[in-house]
Amino acid sequence: MGVERSWRPGKEPPRLPSGARELRHRADGRTEQRRAARRKSSRMAQTSRARREKERPRLRARRAGVLERRRARMRPRAGDACAEPADPPPFLWRGNGSGAGGGRRWQPLTAVMFRCRAAARLVRALGPRSRGRAGAVLQCLHLRPPSRWLTSPGAPSKDGSSLVYYLIVGGAVTGAGTYVYRTLKEDRERYNERVAGMGLGHQQDTKPPAADAASQSTAAAEAETGTRSECPSHAPYLLIGGGTAAFAAARSIRARDPGARVLIVSEDPELPYMRPPLSKELWFSEDPEVTKTLRFKQWNGKERSIYFQPASFYVPACDLPYIENGGVAVLSGRKVVHMDVRGNVAKLDDGTQISYDKCLIATGGSPRNLPVIERAGKEVLQRLTLFRKIDDFRSLEKISREVKSITIIGGGFLGSELACALGRKAQSKGLEVIQMFPENGNMGKVLPEYLSNWTTSKVRREGVNVMPNAVVKSVSVSGNRLLIKLKDGRKVETDHIVAAVGLEPSMELAKSAGLEVDSDFGGFRVNAELQARSNIWVAGDAACFYDIKLGRRRVEHHDHAVVSGRLAGENMTGAAKPYWHQSMFWSDLGPDVGYEAIGLVDSSLPTVGVFAKATAKDTPKSATEQSGTGIRSESETETEASELKVSAASPSTLQVPQQGEDYGKGVVFYLRDKVVVGIVLWNIFNRMPIARKIIKDGEEHADLNEVAKLFNIHED
């Protein structure tokens, strides 16, 4: 059924069904409601508009009153020094003569602007060209409200001035031009430096074989470096200290990053060198020029230099930033006195500042002195040697040829080695060598008593007058000699004193760098990765590290400097390796007796020694012939035995050492809570990996005689 939808005018529309009609009525009702709402809204809008029209005059009058009060507050009072005349003369104003309010509209000229005496004096100090412009701007602020032509940009076609607009635009253009000029200048300088660096690298890679071509290349390089600073302003890797740890770190950095630029700042005037030969092999050299050449023969007869690398290995410090492939540079004779860890800047003693990305502190230490000697006076100090550096060796070697008596104070490693070296030399030159120390025997703080006594007898056989249990009370000058008084009443006359009483870690940078210092062991406290701060590492004698087996320690030996320096260098390049290495140390009392040690070797700990008869192979000389180097830690750095098999056996009966017994070779175990924490290999060499494995395992052994068999001490 459909409904007709179209119909013509005049014709009655079709009727809708009842349901449709009801819907239609509802729709018409809603439409009427909307229309009523619109009419109501329109009436409200008309009422609001009429109210605003009615209130507008009152609002205008109120606003005019506010403006008038503001003008009144800013209008000068009668008697003011800067007040205007009530009616300005005609020649001081210009305009059309009428304002918006019916009064005269006048614009003050430059002369009217300088009513204030201070402003007038200021403008008179300006030049003639600047006075006109300044007169339009300078005005005493309490004369009148700011003129519109001073506060608006002032379009050229309208009334007012565009001075402020010109000033703003001119300043912006000038600033932009200055910025562009400086940017282009810096880019040009960087470009020239890059080209110069590439040219220098090309010259190094393409050296002509002819001698004259080489000289020309060298002259060109010198001419180029003539304008460069001796000290670079920035070093990606800055190593503070020029000892073993710093050199090991530099070599490790270059191994992992071949293009690295490494700068070593050393207080020592020498290039990095080994310290052990200063108290060992150099004294046994037959070369009369040994103090100049610093070359020595090892126990195996091979000759080598005390320096790690010749001077040709290093690059000049001034060329370091420009060499394409990087290198290692040494700044000798300079000392870092201050560190800004936030700004990554190190300050030298001459005021030079060097910025860095990563820094290693390997400052080592300085030899200690006895307080009684420090208080003795200048004359005594002039006859004192604190043995540590090459200059100390040269000085002491010269003194040993000029004086008749030398006294060594100290019974540790350094004191005993120097005593044996000088004692053997004294036998042929008639030099008296005296060694005194407060312990019962040589190296009494390290070796057990029976072995310390045997060592003392060995040193005496070398021609040394050993004085144990000697505590120095005072030192003075008596005539032309030094007089040493001991606390037990003994007196010793000598010509020169060598103090070998330990090492004090160098920690001068701790305060400025804000680094933590260990109160028990000294040195900078570092984490397992030898890191003191986010970009600062510490290695060598100055590092106080945590040993996972033996607790927190600080070690002052060559092998520790090598391994810790190498590990610090690796971590500076992102390796993130922990320090687990058990460092070893060695001491030779001449070419016939020597020992190697690892771990905690303290005579106060319980010890167990297993000895056997020595053979001709059990000497330091034979050990160097097998390893090929006198610096034995270079051949036994981080090696460790893979597995140890100790046969189970019933505990054997320990024998008490007998006085006068010959200890040819053997192993001494140091125990703590029945666990081996230290080992001394007496005249046993090239077995350190086994000892390192025993300490690392940390096991309790029922019979240490079986453990000693691992070192093959009973082999002929």
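Reading the values: rules and limits
Residues numbered from 1 in each chain as written. Predicted model: local features only at pLDDT ≥ 70, side-chain atom pairs only at ≥ 80, totals over all residues. Heavy atoms only, no water. UniProt positions renumbered as here; feature names shortened; annotations may be inferred. Helix = DSSP H or I, 4+ residues; strand = E, 2+ residues; numbered from the N terminus. Polar contact = N/O pair within 3.5 Å; in protein donor to acceptor, adjacent residues only side chain to side chain. Contact = heavy atoms within 4.5 Å. Core = buried A, V, L, I, M, F, W, Y, C linked by side-chain atoms within 4.5 Å. Buried < 20%, exposed > 50% of the residue type's maximum accessible area, 1.4 Å probe, protein only. Axes fitted to C-alpha atoms, helices over the stretch in contact; angles between N-to-C directions. Left-handed = near helix turned anticlockwise from the far one by under 90°. Phe/Tyr/Trp six-rings, centres within 6.5 Å; stacked < 30°, edge-to-face > 60°. Lys NZ or Arg CZ within 6 Å of the ring centre and 35° of its normal. Pairing = 2+ DSSP bridges. Right-handed = clockwise from strand over helix to strand, strands pointing away. Expected span 1.5 Å × (residues − 1).

In the annotation of an unreviewed UniProt entry, the entry for the protein reads Apoptosis-inducing factor 1, mitochondrial, and the organism field reads Eublepharis macularius. Recorded in UniProt for the protein, the comment headed Catalytic activity (unreviewed entry) runs: "A + NADH + H(+) = AH2 + NAD(+)". Regarding the protein, the relevant UniProt record gives this comment under Cofactor (unreviewed entry): "FAD".

Student: Before we move on, can you summarise the side chain of histidine 496 with the specific residues and values?
Tutor: Among the structural elements, histidine 496 can be located in strand S17 (residues 496–499). Looking at histidine 496, its side chain comes within polar contact range of the side chain of threonine 385, at 2.6 Å. Apart from residues lying up to four places away in sequence, histidine 496 is in contact with Arg383, Leu384, Thr385, Leu396, Ile399, Ser405, Ile406, Thr407 and Leu482.

Student: So what about the nonpolar core? Which residues, and what values?
Tutor: Counting 60 residues, the largest nonpolar core has Leu239, Leu263, Met339 and Leu360 as its most contacted members. For this core, the element with the most residues is helix H8 (residues 244–256), which contributes six residues. Val446, Trp454, Val459 and Leu589 belong to the second-largest nonpolar core, a separate cluster that totals 45 residues.

Student: Can you lay out the packing of H8 against helix H16 (residues 558–572) for me, pointing to particular residues and giving the numbers?
Tutor: Orientation of H8 relative to H16, taken along the N-to-C sense of each, is 35°, at an axis distance of 7 Å. Considering how the two elements wind past one another, H8 and H16 form a crossing that is right-handed. Where H8 approaches H16, its residues Thr244, Ala245, Ala248, Ala249, Ser252, Ile253 and Arg256 are matched on the opposing element by His558, Ala561, Val562, Gly565, Arg566, Gly569, Glu570 and Met572.

Student: How would you summarise the environment of glycine 364 if you had to cite specific residues and measurements?
Tutor: In this fold, glycine 364 is placed in the loop between strand S8 (353–361) and strand S9 (365–367). Look past the residues within four positions of glycine 364 in its chain and what remains in contact with it is Arg388, Pro505, Ser506, Asp541 and Ala542.

Student: So what's going on with the packing of aromatic side chains? Residues and values would help.
Tutor: Inspection of every chain in the model, using the stated rule, returns 12 aromatic pairs. Taking 5.9 Å as the distance between ring centres and 55° as the angle between the ring planes, the aromatic pair formed by tyrosine 165 and tyrosine 166 counts as tilted. Here the aromatic rings of phenylalanine 413 and tyrosine 595 are separated by 6.5 Å at their centres, their planes lie at 40°, and the arrangement is tilted. Of this pair, phenylalanine 413 sits in helix H13 (residues 413–429) while tyrosine 595 is found in strand S25 (residues 594–599), placing the two residues 182 residues apart along the sequence. Tyrosine 595 sits in the buried class, given a relative accessible area of 0%. Grouping aromatic residues by their ring pairs yields a cluster made of Phe413, Trp454, Phe585, Tyr595 and Trp682. Directly above the ring of tryptophan 454 sits arginine 461, whose terminal nitrogen or CZ lies 5.8 Å from the centroid. Above the face of the tryptophan 580 ring, lysine 696 is positioned so that its terminal group lies 5.0 Å from the ring centre.

Student: Break down the pairing of strand S1 (residues 234–240) for me, with residues and values.
Tutor: Taken across its seven residues, S1 has five buried, putting it largely inside the fold. Of the pairings in the sheet, the one linking S1 to S8 comprises six bridges and is parallel in character. By the bridge assignment, tyrosine 237 is partnered in S8 with lysine 358. In the sheet, S1 pairs with strand S2 (residues 261–266) via four bridges, with the strands oriented parallel. Within S2, the position partnered with tyrosine 237 by the bridge is valine 262. Following the chain from S1 across H8 to the adjacent parallel S2, one finds a crossover that is right-handed.

Student: Summarise helix H14 (residues 449–461); cite the residues concerned and give the values.
Tutor: End to end, H14 covers 19 Å across 13 residues, agreeing with the expected 18 Å (1.5 Å per residue, within 8%). Turning to H14, its buried residues number three or more, namely Tyr450, Leu451, Ser452, Trp454, Thr455, Thr456, Lys458 and Val459. In this fold, the buried residues of H14 make contact with H13, strand S12 (432–436), strand S13 (464–467), strand S26 (607–612), strand S27 (665–672) and strand S28 (675–682). Of the residues one or two after H14, glycine 463 is the one with positive phi, at around 95°.

Student: Lay out the pairing of S12 in plain terms, naming residues and giving numbers.
Tutor: Among the five residues in S12, four count as buried, and that is most of the element. Inspection of the sheet shows strand S11 (residues 405–409) paired to S12 by five bridges, in the parallel sense. Its bridge partner being in S12, threonine 407 is matched across the sheet by isoleucine 434. In this region the chain leaves S11, passes through H13 and returns to the parallel neighbour S12; the handedness of that crossover is right-handed. In terms of strand pairing, S12 meets S13 through four bridges, oriented parallel. Paired with glutamine 435 across the strands is valine 466, a residue of S13. With H14 bridging S12 and the parallel S13, this β-α-β connection has right-handed handedness.

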